[in-house]
Amino acid sequence: MAKYSGDPGQINIKAVIGENKILPCRAENGSIRLVEWNRTDIKEGNVLRYRNDAVDKGDQHPSFKDRVVFQDREMKDGDVSLVLINVKMNDAGTYEAEVDYDGTHDEKKLCSIHLDVAPPPPPDQINIKAAIGENLILPCRAENGSIRFVEWKRADIEEENVLRYRGQVDAGKQHQSFKDRVVFQDREMKDGDVSLVLINVTMNDAGTYEAEVDYEGTNREKKLCSIHLDVAPPPSPPPPSVTAMQVRGQLRRLKQRKASGPGLPPRLLRTCAHELCQVLSYMYNLSLSLGVVPTLWKTSCVVPVPKTPHAMDPAHFRAVTLTSHLMKTMECLVLAHLRTVVSPTLDPQQFAYRPNIAVADAIIYLLQRALTWRPLGAL
């Protein structure tokens, strides 16, 4: 039986009408006797067959004649990838490759590829990408002539426009999201330049923009340009990271007599802070970057503590949860990072959950406001 490397799990590939597309597939190194590409929905005829050191087109489906070749005719290193030339809508489907080696007589499915075919964009449509916050030009040029009317619209906004020119800029039916954010690149529209400048791009600006123009002496608007704008979201901020020095400092703050939860006791962590800080900083940074916390760090021990001297009933106990000191150390390090990020945005009158600020500060502030308050207009 022929063998092959890898799992023939299905691969999904997208193509556009008119392009040449490679369907990748690789067999084991060895003397290949037969390779046959088929499409699952075609019962009679194959896509392309290789047998006995030559391409065999005897049973090839008519739709693939002169449109498919092997990427490497010598199939070096087991490369049996197929090149599909001038992709058509009818080429969509699932393609499978089977292979057989010299000395075997059992064909084995090697690859399964599902091909999706999309129509090309309209010939007059331009695709433009923008980043949030930038100023972007949507290029458009009309014929040389006396322009009477220009209107920019967005396809998903029906009753209002982006910007209209009728002898002068007309903001009467302009959509509110574009007010004071769009201008013509050339207000005089020299050489037919009706390009639009979009200021301070936002995510909501994504869509298809169309420009219509009308010239003096005509009474029919003509679509001039179609531009699809994709707006990329802002990059995600990098995850917080900690240094070995920060970890060592936090470990040395542990109280040795604290009750120990799952994992290493605080006495050991504090005593060996210098030796453990490097490996723990690596583990903490890996956890933060992957967004995954080890199961043991999330495990806790519940200890019943009696509320009365002679507790007998379960109601006479309260549960105390002991968590991992490794997790507590990581939480303290992340909290220190969050404080530096959030502190500038906190209300100065917030007294709770802030370091070195207590109830006494809130009382002093309220007393000061009460004692210095005066009615409006009083001397």
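Treat the numbers as computed from the prediction; the structure is a model and nothing was measured. (Residues numbered from 1 in each chain as written. Predicted model: local features only at pLDDT ≥ 70, side-chain atom pairs only at ≥ 80, totals over all residues. Heavy atoms only, no water.)

## Considerations on the sheet that holds strand 6 (residues 68-70)
Quick note on the threshold: Strands are treated as partners if at least two bridges between them are detected by DSSP. Helix and strand assignments follow DSSP, with helices taken as H or I runs no shorter than four residues and strands as E runs no shorter than two, numbered in order from the N terminus. Orientation is described by lines fitted to C-alpha atoms, with helices fitted over the stretch in contact, and by angles between N-to-C directions that extend from 0 to 180 degrees.
Spatial ordering of the open sheet is given by 2-7-6, a layout of three strands whose pairing is antiparallel. Here the strands that pair on one side only, and so sit at the sheet edges, are strand 2 (21-23) and strand 6. Ignoring strand direction, the axes of neighbouring strands in this sheet form an average angle of 25 degrees. With three bridges joining them, strand 6 and strand 7 (residues 82-84) adopt antiparallel strand pairing. Directly across from F70, in strand 7, lies its bridge partner L82.

## Quick look at the state of the cysteines
To be explicit about the condition: Disulfide: a pair of cysteine sulfur atoms within 2.5 Å of each other. Residue exposure (1.4 Å probe, protein chains only): buried if accessible area is under 20% of the type maximum, exposed if over 50%, otherwise partly exposed.
Following the criterion strictly, the structure yields two disulfides and no others. Two residues share a disulfide in this structure: C25 and C111, whose sulfurs sit 1.9 Å from each other. Disulfide C25 to C111: torsion about the S-S bond roughly 90 degrees, handedness right-handed. One end of the pair, C25, is in the loop between strand 2 and strand 3 (32-39); the other, C111, is in strand 9 (residues 108-118), and 86 residues separate them in sequence. Here C25 matches C111 in class, with each residue buried. What pairs with C140 in a disulfide is C225, and their sulfur atoms sit 1.9 Å apart. One quick way to see it: the torsion about the S-S bond of C140 and C225 is about 90 degrees, and its sign makes the bridge right-handed. Of the two residues, C140 is situated in the loop between strand 11 (136-138) and strand 12 (147-154) and C225 in strand 18 (residues 222-232); the sequence distance between them amounts to 85 residues.

## Here we look at unusual backbone geometry
Non-glycine residue D53 carries a positive phi angle of around 65 degrees. Locating D53 in the fold gives a position in the loop between strand 4 (48-51) and strand 5 (55-56). The backbone phi angle of D77 is positive, close to 55 degrees, even though this residue is not glycine. On the secondary structure map, D77 appears in the loop between strand 6 and strand 7. The class for D77 is exposed, based on a relative accessible area of 54%.

## Notes on the pairing of strand 9
Taken together, the seven bridges between strand 1 (residues 10-16) and strand 9 define a ladder with parallel strand orientation. The residue bridging I11 from the neighbouring strand is I113, located in strand 9.

## Notes on the packing of helix 1 (residues 244-251) against helix 3 (residues 273-290)
Condition: Orientation labels follow simple angle bins: below 35 degrees gives roughly parallel, above 145 gives roughly antiparallel, 65 to 115 gives roughly perpendicular, and whatever is left gives oblique. By convention the crossing between two helices is left-handed if the near helix lies anticlockwise of the far one by an angle smaller than a right angle, and right-handed if it lies clockwise. Should any heavy atoms of two residues lie within 4.5 Å, those residues are counted as being in contact. Residues are sorted three ways: Asp, Glu, Lys and Arg are charged, Ala, Val, Leu, Ile, Met, Phe, Trp, Tyr, Cys and Pro are nonpolar, and all the rest, Gly among them, are polar.
The contact between helix 1 and helix 3 brings their axes to 8 Å, and the two run at 120 degrees. Between helix 1 and helix 3, the angle is such that the two are oblique. In terms of crossing hand, the pair formed by helix 1 and helix 3 is right-handed. Between helix 1 and helix 3, the contacting residues are A244, V247, R248 and L251 on the first element and A273, H274, C277, Q278, L280, S281 and Y284 on the second. Grouping the amino acids of the contact of helix 1 with helix 3 by side-chain chemistry returns seven nonpolar, three polar and one charged.

## Topic: helix 3
As a reminder of what qualifies: Every helix has an expected span of 1.5 Å times one less than the residues it contains. In this analysis the local bend is the angle between axes fitted, respectively, to the seven residues ending at and the seven residues starting at the residue.
An ideal rise of 1.5 Å per residue puts 26 Å on 18 residues; helix 3 measures up with 25 Å between its terminal C-alpha atoms. Its maximal kink placed at V279, helix 3 deviates by approximately 30 degrees. Within helix 3 the residues assigned to the buried category are A273, C277, L280, S281, Y284, S287 and L288. Where helix 3 is buried, its residues contact helix 1, helix 2 (266-271) and helix 4 (325-342). Where helix 3 ends, the next residue or the one after it, G291, has phi of about 70 degrees, a positive value.

## Quick notes on the packing of aromatic side chains
What counts is decided by this rule: What counts as a ring pair is set by centres within 6.5 Å for rings of Phe, Tyr and Trp (its six-membered ring), and what kind of pair is set by the plane angle: stacked under 30 degrees, edge-to-face over 60, tilted for all other angles.
Per the counting criterion, the structure on display carries six aromatic pairs. Ring geometry for F64 against Y95: centres 6.2 Å apart, planes inclined by 80 degrees, an arrangement best described as edge-to-face. Of this pair, F64 sits in the loop between strand 5 and strand 6 while Y95 sits in strand 8 (residues 93-101), placing them 31 residues apart in sequence. Ring centres of F178 and Y209 lie 6.3 Å apart, and the angle between their planes is 80 degrees; this geometry places the pair in the edge-to-face category. Here F178 is found in the loop between strand 14 (169-170) and strand 15 (182-184), whereas its partner Y209 is found in strand 17 (residues 207-215), with 31 residues between them in sequence. In this structure, F178 and Y209 share a single accessibility class: buried.

## Observations regarding the side chain of D214
The condition is simple: Polar contact is the term for a pair of N or O atoms within 3.5 Å; when the atoms are in protein, one must be able to donate a hydrogen and the other to accept it, and sequence-neighboring residues count only if both atoms are side-chain atoms.
Residue placement: D214 occurs in strand 17. In terms of polar contacts, D214 uses its side chain to reach the side chain of R148, at 2.2 Å.

## Considerations on the side chain of S281
Examined against the element boundaries, S281 turns out to sit in helix 3. Side-chain polar atoms of S281 contact the backbone oxygen of Q278, separated by 2.7 Å. The contact partners of S281, leaving out residues within four places of it in the chain, are V242, T243, A244 and V247.

## A short note on a nonpolar patch on the surface
To keep things clear, this is the line we draw: Like charges are joined within 9 Å and nonpolar side chains (Val, Leu, Ile, Met, Phe, Trp, Tyr) within 5 Å, but only among residues with over 30% relative accessible area and no salt bridge; these make up the patches. Accessible surface area values rest on a Shrake-Rupley calculation with a 1.4 Å probe, where residue burial reflects the displayed protein chains alone. Think of a salt bridge as a Lys or Arg side-chain nitrogen and an Asp or Glu carboxyl oxygen that are within 4 Å of each other.
A cluster of nonpolar side chains, namely V279, Y282, M283, L286, L290 and V292, defines an oily patch on the protein surface of about 580 Å² accessible area. Counting through the fold element by element, L290 comes out in helix 3. Judged by its relative accessible area of 59%, L290 is exposed.

Function cannot be read off these values alone, since they describe shape.
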